[in-house]
Every structure is written in structure tokens, then in C-alpha cells.
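Each chain, letter by letter, is given below.
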Amino acid sequence: MTASTGQLVDLDISGMTCASCANRIERKLNKLDGVTASVNYATERAHVEVPAGLAAGDLVEVVRAAGYDASPIVADAPASTADTDMADADSRDPELDALRRRLIVSAILSVPVIALAMVPALQFTYWQWLSLTLAAPVVVWGAYPFHRAAWINLRHGATTMDTLVSVGTLAAFGWSLYALFLGTAGTPGLTHGFDLLPQRADGSSHIYLEAAAGVTTFLLAGRYFEKRAKRRAGDALAALMDLGAKDVVVRRPDGAESRIPIGQLTVGDEFVVRPGEKIATDGVVVEGASAVDASMVSGESVPVEVTTGDAVVGATVNTSGLLVVQATAVGSDTALAQMARMVTAAQEGKADVQRLADRISSVFVPIVIAISLATLGFWLGVASTTDFAGGDVTFAFTAAVAVLIIACPCALGLATPTALMVGTGRGAQLGILLKGPEVLESTRRVDTIVLDKTGTVTTGEMTFAAITVVDGYETEQVLGWAASVESGSEHPIAAAIVDAGRDHIDSRVRDFVSTQGAGVAGIVGDRLVTVVSPSKVGVALPTALDDAVAAAESGGATAVVVLVADSNAEDAAGQPVPVGVLVVADRVKPSSAAAIAEFRRLGLTPKLLTGDNEGAARAVASIVGIDDVTAGVSPRRKLEVIAELQEQGHVVAMVGDGINDAAALAQADLGLAMGTGTDVAMAASDLTVVSGDLRAVADAIALARRTLGTIKGNLFWAFGYNVAAIPLAAAGLLNPMIAGAAMALSSVFVVGNSLRLRGFTPKR
């Protein structure tokens, strides 16, 4: 597989045991000419940009040369029923099963060793030799993954967190062997107590089998729960991928229906969706009408009414009527697959805080080894000046081992990727897609949010708003005449009027005429009905109608005048006379005002920026509660406004949905696109909200900030824990076994803290 210029290759990496492993693989890959690689320990993947002429196999060889294994990920494989089998295989993770077996056996063997060491009453005549018999398999076989990883890295001149674990446990075990076989620890009847703090005693009579076995078991437990939690962190993405249908009923040209696996569906095929079934893939409704529950994809709880000609998205659920849909996208081209790719890309990327953690991890292990040796040297120096040298040698050894064990920065390496996995996965469930982890940094600093009007704050569709009629005519009567004539037009204003007057339409319209830019006319019954723009009426309007037109235009709405000619409404010249004014407007989304209030609560100043006229913009702004309005601007001017705000020191978020918003979205510090808008807008943005609900934008910012806050909390705990614990260990204030338990628990704490993001609930 040869990559073209700038092609992205994803690799599955196996054999990584800590963040230092990921850093090492990343450095090796980045040494290749033209290669830019990012390796994520939590997802166990490498995201690599390669130049032309470099094959994925070359990347795999580099990873293997570093002591790990890798395989290319086929990104565009079509969905099929095999996906279910793959999911089942994943649920039986052999690596996790092997780790569980190793943990169980080690725990069974370690418990008696620890009990014997801690409770002097249990120490029978040859208890120390039983402890050796039980502890040896734990240290040799149970800790084998740590020893193997340490040896592989040592062969390549590298040190990782496994190096600390391996050296620490082997040192404790080796000292115990020395004390048993060459010292006095093997003497029948030996007893010694267990202390939380290391004590100075005769070095040749003291064994550390409980520390060697206990530390190994605690670390295995930490690694097991860490790995299982990492799998849970990716559950949201797995659930997203599992939303799609596994098979589909296809209607053939001869009308015959057959059920086939989803992988065999092709673009152009027509398929049947019965009530309660998932829509198999993206398409257009060609028959039927129904309400579709899109909550699984968009996060929007209210079902959407669809009929012939409407687009539908795969994985949504048909709730009522029978639909026949023509497929427009399959496999990796569907909206669901694109969402999954965006989520995966965001998880594989690295925010600034993660890069900081990576840099710390890469230098941390050598520093810790140096501190451990310094600790050993210091206490040995103390021992040389005392009368109890043997005791102080033991104490020195204990402190040095405790430093090695307590300092493992596993939690540091997990702090960012686990929170990012859970946060982006939860966002995907809510219809919030982050393009990359750097978005998190932007959300924290944003102080101004600029909103487009049409399609963002408003629905983007003309909606009937009001009607005014002259004396002598009924509202329903005039609306019915107008709707009857407009039913022959495809103009958005016509559609709004037809929708409003649908119950009063007379389908027997004759002599229909449509004049571009002016209006429509036709005979309804025995009346000539004309619907035109106020500027095209040609006669003076009655005061009531004139006032209605002025009020509509001042409020940014659009008014049309209805004229009728018949025996009851004809002046001396025989001309049609105005009988009513209909007002249509781009309706404000019901949720927009609540969204603006939520923006203010998040500390953001909202501004409206639109190409629409001043009156329309001001009217919408007053409804939703925005004070700062800039109207009548071109796409270039939108970009300039964003740039001007940035020059003034503001950190700007831009929300839009149209092609004309793309440049401004790209210019903003944080670009947010409405998923109901254009692909161009979504491509230019940093974050996409699948639904058209503006409140989801506030949810997206709140979730991103919560995720960033979780990452920082994780880093504070992980790094602060190491900074605080290493001096305690060096001072001889930590028993190695207690140090091992604390280190394992720190990793579990960090992952558990990240999993709290799964409980994020939108304000709406």
C-alpha cells in the first residue's frame, strides 16, 4: 500500500504498556523523511501523514524495529454483518483475558505472602520459605509483562515506566534471595513485623517478598482496570458505529423485495423502511411519509416529519409510516461514517496539554532512576558513618526501591487521552463533533460569540406570520384565495403561504400566470386573484394595509398584497382592488433565545452578523436578546469583522451554516457549524453541531470546557502525586508495597475521573 503525497495512514499498535512507549514509537516514526506521526497510548493507534513513495509496510517495520507490533487500519471498509462478529471478538479481548488470568493467579499467591509478612502471629517456623515459594511465580511469571517490556526497551537503549517496575520488583526479590540464602533471614523461627514506614534493621535478616509480590499484584490490578476502563472510554464511539442497520430490504425494478446485508447495498438502490426499523443508509424518500427519530445521530429528541423528496440519514429510526428510500451514500460515505471518522480523528490528535504530558513522560523515567540511585547513595553514605551499617543498607535499599515504584507516571500518560476519548465519545452521542483536541484550548479562552442569522438563529425557511384584511372580507377567505394561486409557484414565499392556507385551497385555479420578481395571478372560481409585491401593486393601498406593509418591512419581514377583481370588489375603472396583506418571515428558532441566555451564562458576549437587511436583523436580535448587530455584510466583510474583533483582543467563536460563512468560520478562533447547513461550512469549522438547535452550541462549548477541565484535573493529580510522593519515598517514609498500591490507584483514579464525563447532561 503506497501512500500518495499527504496521505494519512492509521496503524493499530500493540505491545505498548505506558505513555513512554507511545512517545518512543512517535519519535521513531517522525525520524522518517516527510513523515508526521502522532501516537496515542489510550487508543493504541498511530495517526501518520506520509509522503509519496512510502508504504504502510515501511511504517510497520519501523514500529517492529522499536520492539512493538503494528498493522494498517483499513478505514474505508464498508459496513457489513461482519461488523457484529468483529464486535463480539473485541468483547473477548485475548490481551485483557490474559491480564485477568495473570492478576487472579498473582493475587491468590500474593495474599498469603502479604498476610505472613504483616501478621507476626502467622509466622510459623519456616514461613519465610513458604513466602519464597509463593512469591517467586508472582515476581517471575506475574511480572513477566513488565520484565519483557523493560528488556525490549533496554535493548533499544530506552527506559520506560516498565523499567521502573521491573527494576524495583527484581531488586526487592533479589535482596530477599540474598538475605535467605546468604544472610540470616533463612534461620528457623525468624519473625519480623510489618511497618507502613521502613525501619532500620539488620539487612541480612530482612526480606521483601511481600513488597515484590504485593507491588506486582497491585500493578497488575492497576493495569487491568486501566485497560478495561480504556475500553469503556471508547464505548461511545463503538456505540456510534453500532447504530447502523445490519441488513436492508431492497426493492428491485420489477417490484420484488429481498433482504440483503447492508454491505451489498449500492448508491441508487431503493430500499423499504417499515415502522420501527432503522433507515439503512443516507438517501432521499421516493415514496411515503413518516416521522423519523434522528436522536441517535443528532441528539435532537423531536421526530422530524419527512415525505417524498426529503433527505434522510442512515441509522435514524422510522417511527410511523412506510418509506421507500433511494440510497445516495453507502459505507464510508454516509453521515454516520463521517461522524465516526471525525470523532476518531479528534481522539487521535493531541491538545497542548497532552503534548506537555508527553514531554514530561519522555524525560521522567531517566530522572527517576537517577533520583533512586541518588537516594541509595545518600543512605549508604549515612550507613558508612554509623555503627549499624547493615540496618542502614537495608533502609537505603528500601527507600531506593520505593522511589522506583512510586514514581511510575502511568497516570500522567493517561490523564489527557482518556478524558479526550470519553469527552469526544459523549459529544458524538449528543450530536457534537470536535474536529481536533486543540478545540478544547479554544473553548476555554473564547469571550465573544458571533452568530449568523439565517439558518443559525432563525430556521432559514419562510414561515407565514400574519394577515391583515380590509373590511368586508374574512381572513380565511383571503388566505385561501392567495394559497390557491400560490400553489402553482415554487417560490419560498409561496410555499409559506400555501402551507398556512392549506385547509382553504381551491384546486380549480385557471389561467395561472407567474411574473418573475413581481408575483402570481390566476382565476379562483369566478374571481381573478393576484398576489404581488407591494412595490408592484400600482394603486394606493388602504390605510390598514399600508400600515401592515410598513410594520412588516420595519420588522424585517416580507409582505405581499392580495388583489381581487369581481362584482363586489371592483372600482369604476374595473381594476382589481387590494383586499389583504400577507406577511411571511424567516422564523426565529424557538430555542434561540434560551441559547443566547446560556451563552451569557458561559461568559460569552453574543453578536449578530448577517448579510440580511438591518430591519430583519434588528427584529431577530430583539427577540432573542442580542444587543450588538451588524447587518448587510458580504462574506468578505464577515471575515473582516471577525479579524477586527481579534485585533481588539477578543477570542472569537463564530457560528454559521452557509457557504457565505465559511471564510469567517475559518478565521475565528473557534468555528462552529450547524449540521443542518452546508458541507463547506462544516469543513471550515472546528466543531460541528449535528442538529440545528442553537442550544447545542452552548452544550458543545460546555462539554469541551468540562473535558478540558477534567484533563487539567487529571494532570494536576498525576503530576502532583509524583512530585509529592517521590520526596517521601526518598526520605524513607514509604513502604515499597504501599508505594506500589498508591501508584496503581493513581492510574485508576485518573481513568475513573475521566469516565465521569459520560454523565455530562445538556442543559436542554
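All figures in this text were calculated on a predicted structure; none of them were measured in a lab.

1. Notes on the pattern of salt bridges
This model, assessed by the stated rule, comprises 20 salt bridges. The salt bridge involving R601 is made with E598; its shortest N-O contact spans 2.8 Å. With R601 and E598 both in helix α20 (residues 592-601) and three residues apart, this pair spans about one turn of that helix. A network of salt bridges, in which partner residues are shared, links R251, E257, R274 and E287.

2. As for unusual backbone geometry
Backbone geometry places A315, a non-glycine residue, at a positive phi of 85 degrees. Tracing the sequence through the fold places A315 in the loop between β11 (311-312) and β12 (317-318). What makes A315 buried here is its relative accessible area of 0%.

3. Re the packing of aromatic side chains
A full pass over the atoms with the stated rule returns four aromatic pairs. Aromatic side chains W717 and F749 sit 4.7 Å apart centroid to centroid with 45 degrees between the ring planes, which places their arrangement in the tilted category. Taken together, the residues span a long stretch of sequence, with W717 in helix α25 (residues 695-730) and F749 in helix α26 (residues 736-755) at a distance of 32 residues. Here the guanidinium or amino end of R102 rests over the ring plane of W141, the centre of that ring lying 4.7 Å away.

4. Digging into the packing of helix α4 (residues 94-118) against helix α5 (residues 127-142)
The interhelical angle for the contact between α4 and α5, taken along N-to-C directions, is 155 degrees, at an axis separation of 9 Å. Between α4 and α5, the angle falls in the class roughly antiparallel. The hand of the α4/α5 crossing is left-handed. For the pair α4 and α5, the contacting residues are R101, R102, V105, S106, L109, S110, P112, V113 and L116 in the first and W127, L130, S131, L134, A135, P137, V138, W141 and G142 in the second. Across the contact of α4 with α5, the residue classes tally to 12 nonpolar, four polar and two charged.

5. Focus: helix α21 (residues 614-624)
Note that an α-helix has 3.6 residues per turn; residues three or four places apart therefore point the same way. Of all the residues in α21, the buried ones are G615, A616, A617, A619, V620, A621 and V624. Of the residues flanking the end of α21, it is G625, one or two places downstream, whose phi is positive at about 95 degrees.

6. Thoughts on the pairing of strand β3 (residues 45-50)
Of the two faces of β3, only one is covered, namely that formed by A46, V48 and V50; the face formed by R45, H47 and E49 stays uncovered. Bridge count between strand β1 (residues 7-14) and β3: six bridges; the pairing is antiparallel. Within β3, the residue paired with V9 across the bridge is V48. Of the pairings in the sheet, the one linking strand β2 (residues 36-40) to β3 comprises five bridges and is antiparallel in character. Within β3, the position partnered with V39 by the bridge is A46.

7. Some details on the nonpolar core
Grouped together as the largest cluster of nonpolar side chains are 53 residues, with contacts concentrated most on L451, F599, L694 and V697. Sorting elements by how many residues they give to this core places α25 first, with 12 residues. Residue contacts for L694: discarding those within four places in its chain leaves L451, T456, V457, S591, S592, A595, I596, F599, V655 and M674. Residues V470, A482, V485 and V579 belong to the second largest nonpolar core, which totals 35 residues.

8. Digging into the sheet that holds strand β25 (residues 670-674)
The mixed open sheet is built from seven strands, whose spatial order is β14-β26-β25-β24-β15-β22-β23. This sheet does not close on itself; its edge strands, each paired only once, are β14 (432-434) and β23 (628-630). Between one strand axis and the next, the sheet turns by 20 degrees as a mean value, whatever way the strands run. Sheet analysis places strand β15 (residues 448-451) next to strand β24 (residues 652-656), joined by four bridges and oriented parallel. Opposite L451, over in β24, you have V655 as the bridge partner. Against the sheet, α25 makes contact with β14, β15, β24, β25 and β26 (687-689), and its axis sits at roughly 140 degrees relative to β26, the strand it touches most.

9. Concerning helix α6 (residues 144-155)
With 12 residues, α6 extends 16 Å from end C-alpha to end C-alpha; this agrees with the ideal 16 Å at 1.5 Å per step. When α6 is considered as a whole, its buried residues turn out to be F146, H147, A149, A150, I152 and N153. Looking one or two residues past α6, G157 carries a phi angle of roughly 70 degrees, positive in sign.

10. Considerations on the side chain of T169
Its location among the elements puts T169 in helix α7 (residues 161-181). From its side chain, T169 meets the backbone oxygen of S166 in a polar contact 3.2 Å long. If we ignore the near neighbours within four places in the chain, the residues touching T169 are V139, H147, A212, V215 and T216.

11. Some thoughts on the packing of helix α17 (residues 475-486) against helix α18 (residues 492-500)
In contact at an axis separation of 8 Å, α17 and α18 are set at 130 degrees when each is read in the N-to-C sense. By the angle between their directions, the pair α17 and α18 is classed as oblique. The crossing of α17 and α18 is left-handed. Listed contacts from α18 to L479, A482, A483 and E486 of α17 are A494, I497, V498 and A500. Of the residues that constitute the contact of α17 with α18, the class distribution is seven nonpolar, no polar and one charged.

12. Thoughts on the sheet that holds β2
Spatially, β2-β3-β1-β4 is the arrangement adopted by the four strands of the open sheet, whose pairing is antiparallel. At either margin of the open sheet sits one strand with a lone partner, and together these are β2 and β4 (69-72). Neighbour-to-neighbour, the strand axes of the sheet open up by a mean angle of 25 degrees, direction not taken into account. One ladder, built from four bridges, connects β1 with β4; its direction is antiparallel. Across the sheet, the residue bridging to D12 is S71, located in β4. Seen against the sheet, helix α2 (residues 56-65) touches β1, β3 and β4 and runs at an angle of roughly 165 degrees to β4.

13. A short note on the UniProt feature "transmembrane region" (unreviewed entry) in the chain
Following the UniProt record, one finds the feature "transmembrane region" (unreviewed entry) at residues 103-120, 126-144, 164-186, 206-225, 363-382, 394-416, 715-731 and 737-755. The span residues 164-186 shows a helical share of 78% and a strand share of 0%, and its end C-alpha atoms are spaced 28 Å apart. As annotated, residues 363-382 has a helix share of 100% and a strand share of 0%, and its two end C-alpha atoms lie 29 Å apart.

Rules behind the numbers
Residue positions within a chain follow its written sequence, with the count starting from 1. Whole-chain, interface and lining totals are the exception, using all residues; otherwise, since this is a predicted model, local features are given only for residues with pLDDT of at least 70 and side-chain atom pairs are given and counted only at 80 or more. Neither water nor hydrogens contribute to the side-chain values; these are computed over all heavy atoms in the structure. We define a salt bridge as a contact between a side-chain nitrogen of Lys or Arg and a carboxyl oxygen of Asp or Glu at a distance within 4 Å. A run of H or I in DSSP becomes a helix once it reaches four residues, and a run of E becomes a strand once it reaches two; helices and strands are each numbered from the N terminus. When accessible area is computed with a 1.4 Å probe and restricted to protein chains, residues below 20% of their type maximum are described as buried, those above 50% as exposed, and intermediate ones as partly exposed. Geometry of aromatic contacts follows a simple scheme: Phe, Tyr and Trp rings, the Trp one being its six-membered ring, pair when their centres are within 6.5 Å, and the pair is stacked under 30 degrees between planes, edge-to-face over 60, tilted otherwise. Charge-over-ring contacts are defined here by two conditions on Lys NZ or Arg CZ: a distance within 6 Å of the ring centre and an angle within 35 degrees of the ring normal. Working convention: axes come from line fits to C-alpha atoms, limited for helices to the stretch in contact. Angles between N-to-C directions cover 0 to 180 degrees. Each angle receives one of four descriptions, namely roughly parallel if under 35 degrees, roughly antiparallel if over 145, roughly perpendicular if within 65 to 115, and oblique otherwise. Helix crossings are classified by the rotation of the near helix relative to the far one: an anticlockwise turn of less than a right angle makes the crossing left-handed, while a clockwise turn makes it right-handed. Throughout, a contact is declared for two residues whenever any of their heavy atoms are within 4.5 Å. Any residue outside Ala, Val, Leu, Ile, Met, Phe, Trp, Tyr, Cys, Pro, Asp, Glu, Lys and Arg is labelled polar, Gly included; the first ten of those are nonpolar and the last four are charged. In this description, strands pair whenever DSSP reports at least two bridges between them. Remark: nonpolar core denotes a set of buried residues (Ala, Val, Leu, Ile, Met, Phe, Trp, Tyr, Cys) joined through side-chain atoms within 4.5 Å. Expected span of a helix: the number of residues minus one, times 1.5 Å. Polar contact is the term for a pair of N or O atoms within 3.5 Å; when the atoms are in protein, one must be able to donate a hydrogen and the other to accept it, and sequence-neighboring residues count only if both atoms are side-chain atoms. UniProt positions are given in the numbering used here, feature names are shortened, and annotations may be inferred rather than shown by experiment.

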